[in-house]
Amino acid sequence: MKKVLILGVNGFIGHHLSKRILETTDWHVYGMDMQADRIEDLLANPAYQSRMHYFEGDITINKEWVEYHVKKCDVILPLVAIATPSTYVKQPLRVFELDFEANLPIVRSAAKYGKHLVFPSTSEVYGMCHDEEFDPENSELICGPINKPRWIYSCAKQLMDRVIWGYGMEGLNFTLFRPFNWIGAGLDSIHTPKEGSSRVVTQFFGHIVRGEQISLVDGGHQKRAFTYIDDGIDALMKIIENKNGAATGKIYNIGNPTNNYSIRDLAGMMIDLAKEYPEYAEGANKVTITETTSGAYYGQGYQDVQNRVPKITNTCEELGWAPKTTMADALRGIFDAYRGQVAEAKALMD
């Protein structure tokens with residue numbers, strides 16, 4: 001019976017992972033976050049109350065609680081991070097302070113108490129790597145110039161990976177996982193009309209629901225390999241289980257190379273799918289597509305990556321895992337999940 005500490009338990013990965021743990025294992029979840037809206041149903045479920053332990057707090061403030069629970073639990077997942085590109089550009093210091101500085105003491109505590117640290121790296125660490133597929137063991141990690149603050153997230157995450165690897169050389173049991181554009185319900189709020197304030201699928205979805213214009217940054221030609229959240233959680237569960245220590249000291253890309261589409265393709269697929277739903281059709285028929293520049297959309301400190309395809313050979317072989325969900329099914333899962341929230345999202349036009 002494992003005890004799993006999830007910092008950022010109310011986040012996108014955190015709440016999906018908690019649900020899976022409680023539904024399919026006898027493990028205990030100890031979770032901290034500043035809000036609990038995404039996990040309310042788990043907290044209210046009598047079947048889970050003996051195994052779901054929630055504390056409302058902030059990793060930058062409640063440091064004693066965090067250290068105590070690192071010591072108490074078996075597996076540590078520090079999922080607290082800023083991961084929206086508009087913030088990298090506008091508030092780079094905030095990104096560094098939370099994503100690196102606030103997480104470093106947690107890494108050190110995991111090393112001190114001999115715990116399995118499962119740390120979220122990111123596909124962004126590869127930066128503008130020129131490889132056709134990004135290899136966790138061999139690809140070069142390429143960031144842009146200092147005057148493009150977009151790269152502070154990539155750089156801070158890469159430095160943390162290197163620090164964790166260093167602790168691994170001194171005995172830390174760690175696994176680094178790199179999510180490649182995980183998508184699903186609960187990724188960001190669809191009730192956010194502001195451009196650039198959430199990630200692309202949620203942003204487009206909100207615009208479709210409200211019948212708004214969709215802006216394609218630099219023509220929308222950049223491609224991403226999208227991964228459905230359920231597939232990502234499948235891999236994470238295997239990492240946490242860590243059968244025979246297979247995941248110890250490893251770096252895993254968790255992505256779906258077959259779901260590699262341009263942002264322009266994504267917009268088209270989402271509009272077409274929305275027209276099949278009575279709840280969304282009215283909004284979808286009003287959507288217009290326009291083009292904008294990255295400078296106008298995100299700010300002058302932005303730079304983009306044209307292709308980002310994961311090499312997942314070691315993930316599949318060592319974890320006995322494979323992504324299963326097609327892009328069409330992934331998008332349908334998202335559209336199904338929000339059918340009851342259309343009226344609220346539409347109200348944001350007022």
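What comes next concerns the included structure. Since the model is a prediction, treat every value here as computed from it, not as a measurement.

### Let's talk about the packing of aromatic side chains
Within this structure, the stated rule accounts for 16 aromatic pairs. With centroids separated by 6.0 Å and ring planes inclined at 40 degrees, the aromatic side chains of Y126 and F180 adopt a geometry described as tilted. Note that Y126 is positioned in the loop between β5 (116-120) and α7 (152-169) and F180 in the loop between β6 (173-179) and β7 (182-183), a separation of 54 residues in sequence. Residue class for Y126 comes out buried when judged on its relative accessible area of 0%. Within the aromatic cluster, the residues linked to one another by ring pairs are F205, Y277, Y280, F335 and Y338. Residue placement shows R150 over the ring face of W151; its charged tip is 5.0 Å from the ring centre.

### A few points about the pattern of salt bridges
A full pass over the atoms with the stated rule returns 14 salt bridges. K112 is the salt-bridge partner of E67, the closest N and O atoms lying 3.2 Å from each other. Highlighted residues: E67 in helix α3 (residues 63-72) and K112 in helix α6 (residues 104-113), separated in sequence by 45 residues. A relative accessible area of 30% means that E67 is categorised as partly exposed.

### Re empty space enclosed by the protein
Under the counting rule described, the total for this entry stands at one cavity of 30 Å³ or more. Counted as a void, the largest cavity has a volume near 40 Å³. Every residue along the wall of the largest cavity is listed here: G184, L187, V201, T202, F205, I334 and Y338. Per-element accounting of the lining of the largest cavity gives the leading share, three residues, to helix α8 (residues 200-210). For the lining of the largest cavity, the class distribution of residues is five nonpolar, two polar and no charged.

### Considerations on the environment of K157
Mapped onto the elements of the fold, K157 is located in helix α7. Take K157: its relative accessible area is 3%, and that puts it in the buried class. Once the C-alpha coordinates of K157 and E124 are considered, the two residues, 33 residues apart in sequence, prove to be 8.2 Å apart. Ignoring any residue separated from it by four or fewer positions in sequence, one finds K157 in contact with A81, F119, P120, S121, T122 and V125.

### Regarding unusual backbone geometry
Notably, N242 is not glycine yet its phi reads approximately 50 degrees, a positive angle. Within the element layout of this structure, N242 appears in the loop between α9 (229-241) and β11 (250-254). N242 sits in the buried class, given a relative accessible area of 13%. Despite not being glycine, N244 shows a phi value in the positive range, around 55 degrees.

### Digging into the side chain of K115
Here K115 is to be found in the loop between α6 and β5. One buried charged side chain, K115, makes no salt bridge at all; its nearest oppositely charged neighbour is D74, positioned 5.0 Å away. Within the structure, the side chain of K115 is placed 3.0 Å from the backbone oxygen of C73, a separation counted as a polar contact. Setting aside chain neighbours within four positions, we find K115 in contact with V70, K71, K72, C73, D74, I76, A110, L172 and N173.

### Some remarks on the side chain of R224
With respect to the helices, strands and loops of the structure, R224 is situated in strand β9 (residues 223-225). For R224, a relative accessible area of 6% corresponds to the buried category. Within the local environment of R224, its side chain forms a polar contact with the backbone oxygen of V305, the two atoms lying 2.9 Å apart. Leave out the neighbours within four places in its chain, and R224 touches R150, N181, N259, N260, Y261, I263, D304, V305, Q306 and R308.

### Details of the pairing of β11
The buried fraction of β11 amounts to four of the five residues, a majority that puts the element mostly inside the structure. For β6 and β11, the ladder comprises five bridges, and the chain directions are parallel. Considered in β11, the bridge of L176 is made with I251.

### Some points on the sheet that holds strand β4 (residues 75-78)
Strands sit in the order β3-β2-β1-β4-β5-β6-β11 across an open sheet of seven strands; the sheet is parallel. For this open sheet the edge positions go to β3 (52-56) and β11, each flanked by a neighbour on one side alone. Neighbouring strand axes in the sheet, compared pairwise and without regard to direction, differ in orientation by 15 degrees on average. Across the sheet, α7 is in contact with β5, β6 and β11; its angle to β6 comes to roughly 155 degrees.

### Concerning the nonpolar core
Core analysis: the biggest nonpolar cluster contains 63 residues, and L77 and L236 have the highest contact counts within it. Grouped together as the second largest cluster of nonpolar side chains are 30 residues, V66, I76, F100 and V107 included.

Thresholds applied
Residues numbered from 1 in each chain as written. Predicted model: local features only at pLDDT ≥ 70, side-chain atom pairs only at ≥ 80, totals over all residues. Heavy atoms only, no water. Phe/Tyr/Trp six-rings, centres within 6.5 Å; stacked < 30°, edge-to-face > 60°. Helix = DSSP H or I, 4+ residues; strand = E, 2+ residues; numbered from the N terminus. Buried < 20%, exposed > 50% of the residue type's maximum accessible area, 1.4 Å probe, protein only. Lys NZ or Arg CZ within 6 Å of the ring centre and 35° of its normal. Salt bridge = Lys/Arg side-chain N within 4 Å of Asp/Glu carboxyl O. 1 Å grid on protein atoms, 1.4 Å probe; cavity = no way out; pocket = protein on both sides within 12 Å on 5 of 7 lines; lining within 4 Å. Points joined across faces, edges and corners; volume = space filled by probe spheres on them. Nonpolar A, V, L, I, M, F, W, Y, C, P; charged D, E, K, R; others polar. Contact = heavy atoms within 4.5 Å. Lys, Arg positive; Asp, Glu negative; His and termini not counted. Polar contact = N/O pair within 3.5 Å; in protein donor to acceptor, adjacent residues only side chain to side chain. Pairing = 2+ DSSP bridges. Axes fitted to C-alpha atoms, helices over the stretch in contact; angles between N-to-C directions. Core = buried A, V, L, I, M, F, W, Y, C linked by side-chain atoms within 4.5 Å.

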